[in-house]
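These are the residues of each chain, in order.
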Amino acid sequence: MTNVSGLAFPGNRVAELRDFVIDDPGPTEVQIMVKASGICGSDLHTYDSRSGLRAYGPDDPRVLGEPRTGRLLIGGHEPAGIVHAVGEEVRDFAIGDRVLAYHILGCGNCLNCRRGYPVVCTSNERAAYGGERDGGHSPLLNVEQRSLIPIPDSLSFVDGAMIACGAGTAYSAIRKAGVTAGSRLLVTGLGPVGLAVAQIASDMGVEVVGSDLNPERLSGARKLGLHHGLAQSTGDAATAEIMDLTDGLGVDASIDCTGAASARALCIEAAATFGRAIFVGVGRQPLSFDPTVQVISKMLTIQGSWVSSQAEMQELTSVLAQRDLHPEALVSETFTLDEGPAAYAKFAGGATGKLVLTW
Ligand SMILES: [Zn+2]
Ligand SMILES: [Zn+2]
């Protein structure tokens with residue numbers, strides 16, 4: 001057991017360092033000395049909530065969104081670091097290895113886990129690091145060995161933290177979009193996931209068109225490989241501009257990273273015949289469209305995408321190393337763990353860009 005100071009969310013928009021005890025790793029667990037831990041939009045839900053980030057209490061219903069009453073957990077679900085200790089049954093990882101963690105631990109046995117998608121594990125055992133178990137805003141983190149993905153030497157720990165969530169999510173969406181060199185791709189929303197889409201897809205030789213309400217984000221995205229930033233982020237003017245750029249054909253695929261109805265509508269509207277629209281951004285706004293005109297006669301495929309498979313995340317580490325591509329380039333600001341409370345205050349206050357804790 002080791003005493004650490006980890007960043008907790010006790011509720012009501014507070015992030016503070018609290019004392020935690022990290023157990024020695026269990027037989028199949030690996031203890032990571034965390035070196036980088038990303039801050040993600042999805043962390044703000046528990047940061048904002050009244051009950052904060054807690055484990056399940058004995059009587060808590062295991063329902064998504066229901067408040068929990070157990071002990072406070074350490075936050076952060078985008079961890080990367082160095083193997084510090086291993087359980088007695090761990091064979092594939094050794095002290096000193098550089099690793100990131102796929103941030104959701106599945107049961108390993110249900111159909112979706114066997115498909116490589118712990119994010120949609122159907123068991124009650126499903127637990128996210130920084131969600132239902134302690135997360136990466138801590139000097140030490142215990143992770144089941146099956147969650148670990150090695151980080152190639154040429155990638156940084158911040159690269160690793162980016163892959164653990166946003167870049168992995170972007171890569172899976174690009175794969176589902178089925179784009180290849182010379183394809184045209186629309187990405188709506190140029191936050192960390194949209195930027196990673198632009199960076200990775202443009203490196204593949206894809207022509208990337210992007211839209212965002214914020215012109216600063218468009219210019220930042222151009223530095224990462226975006227070819228065209230739309231003058232209007234959504235609506236008829238945006239569709240017309242895309243048609244102009246694509247000889248009236250539309251884009252081969254589109255990826256929505258906003259979750260907003262207007263951007264999803266643009267993704268559908270701007271897609272070419274036999275196109276694909278991939279929805280990544282989470283949002284609850286209803287969307288109405290004409291399936292006969294916009295889906296059937298266009299033979300459009302609409303697909304949702306949540307995080308990535310574990311294999312895709314591992315594959316991405318190789319792709320980035322081979323292409324000398326670094327999602328760290330998307331990071332706008334880094335903070336130490338001690339500065340975590342200030343980082344969350346800044347992020348919750350509307351700071352755009354990607355903030356990462358690193359030490
Ligand atoms: Zn995340
Ligand atoms: Zn499962």
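Since the structure is predicted, the reported quantities are computational estimates derived from the model, not experimental observations.

Rules and cut-offs
- Residues numbered from 1 in each chain as written.
- Chains lettered and ligands numbered in written order.
- Predicted model: local features only at pLDDT ≥ 70, side-chain atom pairs only at ≥ 80, totals over all residues.
- Heavy atoms only, no water.
- Donors = N, O, S within 2.8 Å, 3.2 Å for Na, K, Ca; no water.
- Tetrahedral: all angles 85-135°; square planar, octahedral: opposite > 155°, others 65-115°.
- Helix = DSSP H or I, 4+ residues; strand = E, 2+ residues; numbered from the N terminus.
- Buried < 20%, exposed > 50% of the residue type's maximum accessible area, 1.4 Å probe, protein only.
- Contact = heavy atoms within 4.5 Å.
- Domains from an automatic or database assignment.
- Buried area = accessible area lost by both parts, 1.4 Å probe.
- Salt bridge = Lys/Arg side-chain N within 4 Å of Asp/Glu carboxyl O.
- Nonpolar A, V, L, I, M, F, W, Y, C, P; charged D, E, K, R; others polar.
- Pairing = 2+ DSSP bridges.
- Axes fitted to C-alpha atoms, helices over the stretch in contact; angles between N-to-C directions.
- Expected span 1.5 Å × (residues − 1).

1. A look at the coordination of the zinc ion (ligand 2)
Then comes step 1: Looking at the zinc ion (ligand 2), the protein donor atoms are Cys107 (SG), Cys110 (SG), Cys113 (SG) and Cys121 (SG), and they sit 2.3 to 2.4 Å from it.
Then comes step 2: Because the angles between the four donor atoms bound to the zinc ion (ligand 2) fall within 103 to 116°, the donor set is best described as tetrahedral.
Then comes step 3: Of note, the donors binding the zinc ion (ligand 2) are all from one chain and are spaced C-x2-C-x2-C-x7-C. Of this pair, Cys110 sits in the loop between β6 (104-105) and α2 (111-114) while Cys121 sits in the loop between α2 and β7 (127-128), placing them 11 residues apart in sequence. Summarising the burial analysis for this pair, Cys110 and Cys121 share the class buried.

2. Brief notes about the side chain of Thr239
Then comes step 1: In this structure, Thr239 sits in helix α6 (residues 235-245).
Then comes step 2: In this structure, Thr239 is in contact with Leu266 and Glu269, ignoring residues within four places of it in sequence.

3. Some points on the domain arrangement of the protein
Then comes step 1: Here the protein is described as being made up of domain 1 (2-150 + 326-358) and domain 2 (169-304).
Then comes step 2: Inter-centroid distance (C-alpha atoms) of domain 1 to domain 2 is 30 Å.
Then comes step 3: Residue-level contacts link eight residues of domain 1 with nine residues of domain 2.
Then comes step 4: Between domain 1 and domain 2 the total buried area reaches about 590 Å² when both faces are included, carbon and sulfur atoms providing 61% of it.
Then comes step 5: Together, Tyr117, Leu330 and Thr352 form the three largest contributors to the area buried by domain 1 at its contact with domain 2, with a combined 65%.
Then comes step 6: Along the contact surface separating domain 1 from domain 2 lie zero salt bridges.
Then comes step 7: The class makeup of the residues in the side of domain 1 that touches domain 2 is four nonpolar, three polar and one charged.

4. A word on the sheet that holds strand β10 (residues 184-188)
Then comes step 1: Strands sit in the order β12-β11-β10-β13-β14-β15 across an open sheet of six strands; the sheet is parallel. Strands with a single pairing partner mark the edges of an open sheet, and in this sheet they are β12 (228-229) and β15 (301-304).
Then comes step 2: Examined bridge by bridge, β10 and strand β13 (residues 251-256) share four bridges and lie parallel to one another. Looking at the pairing, Leu186 lines up with Ser254 of β13.
Then comes step 3: In the packing of helix α3 (residues 157-177) onto the sheet, the strands contacted are β10, β13, β14 (271-279) and β15, and the crossing angle to β14 comes to about 155°.
Then comes step 4: Helix-sheet contacts for helix α4 (residues 192-203) involve β10, β11 (207-211) and β13, and the interaxial angle to β10 is about 165°.

5. Let's talk about α4
Then comes step 1: Taking 1.5 Å per residue as the helical rise, α4 with its 12 residues ought to reach 16 Å, and the 17 Å between its terminal C-alpha atoms agrees with that figure.
Then comes step 2: Counting buried positions over the 12 residues of α4 gives nine, a clear majority of the element.
Then comes step 3: The secondary structure elements touched by the buried residues of α4 are α3, β10, β11, α5 (215-223), β13 and α9 (310-323).
Then comes step 4: Note on α4: the residue one or two positions beyond its end, Gly205, has a positive phi of about 95°.

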